[in-house]
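Structural overview for review
Listed below are the residues making up each chain.
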Amino acid sequence: MNNTKKVAIVTGGAMGYKSGGASIGGATSIRLAKDGFCVVVVDLGDMGNKTVEHIKDAGGDAIFIQADVTITEDVERIIKTTKETFHGLNCLVNCVARYGSGMSKNIVDITEEEWNETLNVNLNGYFKMAKYSIPLILESGGGTIINISSLAAFNALPNFSVYSVSKAAINALTRTIAVDFAPDIRANAICPGFVKIANSENNRSPEELEKWYSDISKQYPMRRVCEVSEVASVVSFLAGKDSSYINGQTITVDGGKMAADTHEF
Ligand SMILES: NC(=O)c1ccc[n+]([C@@H]2O[C@H](COP(=O)([O-])OP(=O)(O)OC[C@H]3O[C@@H](n4cnc5c(N)ncnc54)[C@H](O)[C@@H]3O)[C@@H](O)[C@H]2O)c1
């Protein structure tokens, strides 16, 4: 229990697949704890306990709340528990995503249920968390909201229709929060390109994984894919005072991919 430290909620904060591998939300939670935040890790999956374990082992302060960010009662419980445990809220990081059926489909093939379900997590989950967090952030003297979006908001991935639409909407949501709640709250979005996470490894062998990453790396001027810590460090910057005049922005973390053209002369 600590009411002098800043408090952050990170949704999608569970560690990843198998034995707690890399995840953007997990790395972000650990980084914010290192920065001195008390962290409320939120996730559907119980690997959020693993994130809290990492934070506590390093001397930080964190709790895990198993919850579904699409359910209003769950979101209200998250905010209530945060207030009761840490007495305030200064930072919200929205970092969930739905990767279920229908993700890899164009708009003809995707069912209406798959479309709605994905928007319900990827967009409504961000909206609800922001809606119910903002009053507590204001009550706590202000803070920051950081939405994890994607390069897919700008460049359509083939047959990833609803994901791209949800991420473009997140960028618009970010701007509307930034305009309506400044100067008390700054809101920014981070748009990563491909990030190496455990949950996308599936059953690939280490050799298959190496080849997969190496093939993807060819599309990136940095000639490698992004590590979760390289997204977490941008969250840390946006959550802190060093970014005090950055508001309503979408920051790409893509190793220069969006800056590059594909023509060769
Ligand atoms: N991995 C990438 O290459 C990449 C690239 C760009 C953007 N992103 C974004 O990063 C964020 C993190 O995703 P990730 O790719 O690291 O995948 P991930 O699977 O590691 O993380 C997503 C987490 O969200 C949780 N979640 C899903 N639905 C939920 C719900 N309704 N309530 C609570 N928790 C829920 C999952 O349990 C999971 O732990 C997402 O917003 C994703 O779109 C990822």
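Whatever comes next refers back to the structure up there.
A quick note: this is a predicted structure, and the numbers were derived from the prediction, not measured. (Residues numbered from 1 in each chain as written. Predicted model: local features only at pLDDT ≥ 70, side-chain atom pairs only at ≥ 80, totals over all residues. Heavy atoms only, no water.)

What follows concerns the layout of surface pockets. Of the volumes computed, that of the second largest pocket is approximately 380 Å³. K6, F37, A239, G240 and K241 are the residues nearest the centre of the second largest pocket, which is lined by 16 residues in total. At the level of secondary structure, the elements contributing two or more residues to the lining of the second largest pocket comprise β5 (143-148) and α8 (228-239). Across the lining of the second largest pocket, the residue classes break down as two nonpolar, ten polar and four charged. (1 Å grid on protein atoms, 1.4 Å probe; cavity = no way out; pocket = protein on both sides within 12 Å on 5 of 7 lines; lining within 4 Å. Points joined across faces, edges and corners; volume = space filled by probe spheres on them. Helix = DSSP H or I, 4+ residues; strand = E, 2+ residues; numbered from the N terminus. Nonpolar A, V, L, I, M, F, W, Y, C, P; charged D, E, K, R; others polar.)

Turning our attention to the packing of aromatic side chains. As enumerated under the stated definition, the model contains five aromatic pairs in all. Feature note: the residues Y99, F160 and Y163 constitute an aromatic cluster, connected by ring pairs. Across the ring face of Y220, the terminal group of K257 is positioned such that the distance to the ring centre comes to 5.7 Å. (Phe/Tyr/Trp six-rings, centres within 6.5 Å; stacked < 30°, edge-to-face > 60°. Lys NZ or Arg CZ within 6 Å of the ring centre and 35° of its normal.)

A word on the packing of helix α2 (residues 24-34) against helix α3 (residues 48-57). The contact between α2 and α3 brings their axes to 10 Å, and the two run at 25°. As summarised for this structure, α2 and α3 are arranged roughly parallel, according to the angle between their axes. Between α2 and α3 lies a crossing whose hand is right-handed. Listed contacts from α3 to G26, S29, I30 and A33 of α2 are T51, H54 and I55. Here the contact of α2 with α3 is composed, by residue class, of three nonpolar, four polar and no charged. (Axes fitted to C-alpha atoms, helices over the stretch in contact; angles between N-to-C directions. Parallel < 35°, antiparallel > 145°, perpendicular 65-115°, else oblique. Left-handed = near helix turned anticlockwise from the far one by under 90°. Contact = heavy atoms within 4.5 Å.)

Glancing now at the pattern of salt bridges. In total, this model carries ten salt bridges according to the counting rule given. Its salt-bridge partner being E230, residue R224 comes within 2.7 Å of it at the nearest N-O pair. Note on R224: relative accessible area 36%, which makes it partly exposed. Relative accessible area serves as the criterion here: at 26%, E230 is assigned to the partly exposed category. (Salt bridge = Lys/Arg side-chain N within 4 Å of Asp/Glu carboxyl O. Buried < 20%, exposed > 50% of the residue type's maximum accessible area, 1.4 Å probe, protein only.)

The next thing to look at is the site of the ligand. Around the ligand, a shell composed of 27 residues is seen, among which D43, Y99, Y163, V195 and N199 lie nearest. A distance of 3.1 Å is found between a nitrogen atom of the ligand and a backbone nitrogen or oxygen belonging to V69. Within the backbone of V96, a nitrogen or oxygen atom sits 3.0 Å from an oxygen atom of the ligand. Protein coverage of the free-state accessible area of the ligand, which is 820 Å², stands at 90%. When contributions to the shell around the ligand are tallied by element, the ones reaching two or more residues are α5 (112-139) and α6 (161-181). Its residues placed into classes, the shell around the ligand shows 17 nonpolar, seven polar and three charged. (Near = heavy atom within 4 Å. Polar contact = N/O pair within 3.5 Å; in protein donor to acceptor, adjacent residues only side chain to side chain. Areas by Shrake-Rupley, 256 points an atom, 1.4 Å probe, with all protein chains shown as cover.)

With respect to burial, β5 is a largely interior element, six of its six residues being buried. Going residue by residue along β5, you find G143, I145 and N147 tucked away on one face and T144, I146 and I148 tucked away on the opposite face as well. Relative to β5, strand β4 (residues 91-94) is paired through four bridges, and the arrangement is parallel. Bridge pairing in β5 links V93 to I146. Taking the sense of rotation as the criterion, the β-α-β connection linking β4, α5 and β5 turns out right-handed. (Pairing = 2+ DSSP bridges. Right-handed = clockwise from strand over helix to strand, strands pointing away.)

What follows covers α8. Its twelve residues place the ends of α8 17 Å apart at the C-alpha level, agreeing with the 16 Å of an ideal helix rising 1.5 Å per residue. Looking at α8, one finds that the buried residues are V228, V231, A232, V234, V235, S236, L238 and A239. (Expected span 1.5 Å × (residues − 1).)

Positionally, I24 belongs in helix α2. When sequence neighbours within four positions are dropped, the list of residues in contact with I24 reads C95, V195, I197, V228 and V231.

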